[in-house]
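Results of the structural survey
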Amino acid sequence: MAATSNPGSGSGASADALLRSAIEDTVRIVAAWFALMLGLGLVGVLLGFALILNKTSLFTLLPSTQSADTLFSASIFWVMALVAAAVVRIVQHRAVAAVSRYIAERLAVPTVLCTAQRAGRPEVLSSAALGAIETLRGALSGQLPHIAIALLTAPLLLALIFAMHWVAGVMSLIFCLAGSVVSLLMTRAAHRSARVAGESRGRAFGMAADAMRSGEAVLAMGMLPRLVRQWVAVAAEGSAEAWDCERRAERLKTLLELLAGALRGSVIFLMAGLTLSGQTINAAFGASVLVIGMVVGPFLGFGAHLRSLTEAIAAWQRLRAMMRATAAIPEGIAFPPPALRLTAEHLSFGFRGPQPALFRNLQLEVGAGEIVAIVGPSGSGKSTLLRLLVGILRPNGGGVYLDGHATSQWDRRELARHLGYLPQDALLSRATAAEVIARLETPDMPKVLDAAQRAGAHATIIGLPCGYATPLTGSWQLSMGQRHRIALARALYGQPRLLVLDELAAALDQQGEAEIVQLLRRLKADGTAVVFTTHRPSLLASADRVLAIRQGQLVPAGEERPRLPGRTAKLPRPHRPAMVTS
Ligand SMILES: Nc1ncnc2c1ncn2[C@@H]1O[C@H](COP(=O)(O)OP(=O)(O)OP(=O)(O)O)[C@@H](O)[C@H]1O
């Protein structure tokens, strides 16, 4: 059968392809940004050195030349270097802000879309991914890039200082090493103290929450004194260690301040010592000695920044791992419009983890104009089966096919033209009512009105302050039933030929239920295929077949309970003669 390959089809591309391209873009932009920052950093270092050199040359040259011209040209140079340094700083700050904003904006949506389609607990994955993006954004928009550039350009400054005088070079090296070690130890101690205190607070709060939940039991059974003793013990246990770490961090902080003071003093003493030993202090040498502060400074704050650097690298690696885990999903393919035959063949599926597989060799066939209801107790896998049918979840074995093409391989945008899906959680996006129903595309109003009327959402929508133009995230709250009707209208938009409806008529009243029965009748007459789940018995009468999930397979409802030996189990009769076509 002819199939058109449709690689990277714009908004129709799969979520993992979007994430992959977002990560590739990010890597490219960050690499270009880093090269720019390094270049600017080198220019900044040279300008800083030139400014100090300029000042020292004034003090060394002016007494001997007594020339106003020297003063004038030095001042002109000073102003120009100062302006250039300011421009470099401004460009650096703008570049930092722009790259951190770019990363957050470029990665957030594809990451959430991608994780939302993963098995397991997608909401936890999504928030972990967003947390990782925020860590990255925070690290890049803070002091880290400036410190990283300062550390990367430090060898250049050190080389300059060594070139002037080896004693100044050795001194800078010693301060750099000592500063980074002490700063690292201090950050570690401060972090440990914060962690221990946080854990101890968490335990105490947990106990307080328990006590609040069972306050009456605590009072009634005289447990209060014991509870207080426990509480004090838990709080004391953590505080002793936290105080220890805090004291250690304080001592190291003092040592660090001492080091910074020693550095300032030793620069003066070094100059004085070298002068006494008869060495001439020329401008370049004086400047290089004064530059020691510039090179050592970043090393004194090394610990805190190293921590944020390692956190940013770890966050990036987590995002990359997420991409690798989803990279195997191929691009969607635009198959021809379906004649409509939905089949599940030897479908097997189970979520990762200890729970047994939900489906084994499941068979199902639904044709045009057929209405099939899936029933089963909570947790039997009804919603999961519907997600497999629409191709959001990929089966572990077998497959789900629409006219012979696996639904998980369809280009999502193409498939969406033929498919309406009502998920259990009727998530409504931040858009106007018309846009939500039109699936966030430019609304085709006759189609929007048709869908809203068929879903019984029209009356609700025209009652909103701006009717169909009302943004659905205003200060008013839609009831569950109203949200359900709007989500149903979204599924019906464009009269798709296949409808997959989870928890149909959930949160609707009796009148709403009766309207849904009418809707199912009209859909059948139009030749639309419908697969739905519901907890409303009255809707089952509208189905051509009612199927129940038993031991990972679909069986006609009423036959799903195994007969126990020696008993004649009375089973509920199916609403209609039910049959699984395979
Ligand atoms: N994303 C997921 N990751 C891991 N397990 C899941 C996930 N989604 C559902 N499950 C598990 O799969 C089983 C079937 O869930 P499903 O939501 O399909 O049941 P259901 O029959 O639709 O239930 P209900 O009628 O209550 O909606 C449950 O045990 C559930 O805990």
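The protein is annotated in an unreviewed UniProt entry as ATP-binding cassette domain-containing protein from Dankookia rubra. Its UniProt record gives the protein the following Subcellular location (unreviewed entry) comment, quoted word for word: "Cell membrane".

Considering the sheet that holds strand E3 (residues 341-349)
Taken in spatial order, the four strands line up as E4-E3-E6-E7 in an open sheet, and their pairing is antiparallel. Unpaired on one side and paired on the other, strand E4 (359-367) and strand E7 (405-406) mark the two borders of the sheet. When strand E6 (residues 397-402) meets E7, the two strands line up antiparallel, connected through two bridges. Paired with leucine 402 across the strands is histidine 405, a residue of E7. Strands in contact with helix H11 (residues 382-389) are E3, E4 and E6; relative to E3, the strand with the most contacts, it is inclined by about 120°.

Focus: the pairing of strand E10 (residues 529-533)
Most of E10 is tucked away: five of the five residues are buried. Of the two faces of E10, the one carrying Ala529, Val531 and Thr533 and the one carrying Val530 and Phe532 are both buried. With four bridges connecting them, strand E5 (residues 371-375) and E10 associate as parallel partners. The residue of E10 that forms the bridge with isoleucine 371 is valine 530. When strand E9 (residues 498-501) meets E10, the two strands line up parallel, connected through four bridges. The partner of valine 500 across the bridge, within E10, is valine 531.

Some words on unusual backbone geometry
Even without being a glycine, glutamate 503 presents a positive backbone phi close to 55°. Phi is positive for glutamine 551, which is not a glycine, with a value near 45°. Take glutamine 551: it is sitting in the loop between strand E11 (545-550) and strand E12 (553-556).

Focus: the UniProt feature "transmembrane region" (unreviewed entry) in the protein
The UniProt feature table records "transmembrane region" (unreviewed entry) at residues 30-52, 72-91, 144-164, 170-187, 255-277 and 283-302. Secondary structure content for residues 72-91 is 100% helix and 0% strand, and the end C-alpha separation is 29 Å. As annotated, residues 170-187 comprises 100% helix and 0% strand, and the C-alpha atoms at either end are separated by 26 Å.

Description of the environment of arginine 550
On the secondary structure map, arginine 550 appears in strand E11. On the basis of relative accessible area, arginine 550 is assigned to the partly exposed category, the value being 27%.

Structural notes on the sheet that holds strand E8 (residues 419-422)
Read from one edge of the open sheet, six strands run E8-E9-E10-E5-E11-E12, paired in mixed fashion. In this open sheet, the two edge strands, each paired with only one partner strand, are E8 and E12. Here the average twist between neighbouring strands, direction ignored, is 20°. One ladder, built from four bridges, connects E11 with E12; its direction is antiparallel. The residue of E12 that forms the bridge with isoleucine 549 is leucine 554. Together, E8 and E9 form the strand contacts of helix H16 (residues 480-492), whose direction differs from that of E8 by roughly 165°. Against the sheet, helix H17 (residues 510-526) touches E5, E9 and E10, its axis set at about 150° to E10.

Here's the deal with helix H14 (residues 445-455)
Listed as buried for H14 are Val448, Ala451, Ala452, Arg454 and Ala455. Down the axis of H14, the sector holding all buried residues measures 165°, keeping them to one side. The elements touched by buried residues of H14 are helix H13 (433-437), helix H15 (458-462), H16 and H17. Backbone geometry just after H14 places glycine 456 at a positive phi near 75°.

Here is what the cut-offs are and how they apply
Residues numbered from 1 in each chain as written. Predicted model: local features only at pLDDT ≥ 70, side-chain atom pairs only at ≥ 80, totals over all residues. Heavy atoms only, no water. UniProt positions renumbered as here; feature names shortened; annotations may be inferred. Pairing = 2+ DSSP bridges. Helix = DSSP H or I, 4+ residues; strand = E, 2+ residues; numbered from the N terminus. Contact = heavy atoms within 4.5 Å. Axes fitted to C-alpha atoms, helices over the stretch in contact; angles between N-to-C directions. Buried < 20%, exposed > 50% of the residue type's maximum accessible area, 1.4 Å probe, protein only. Arc of directions from axis to C-beta.

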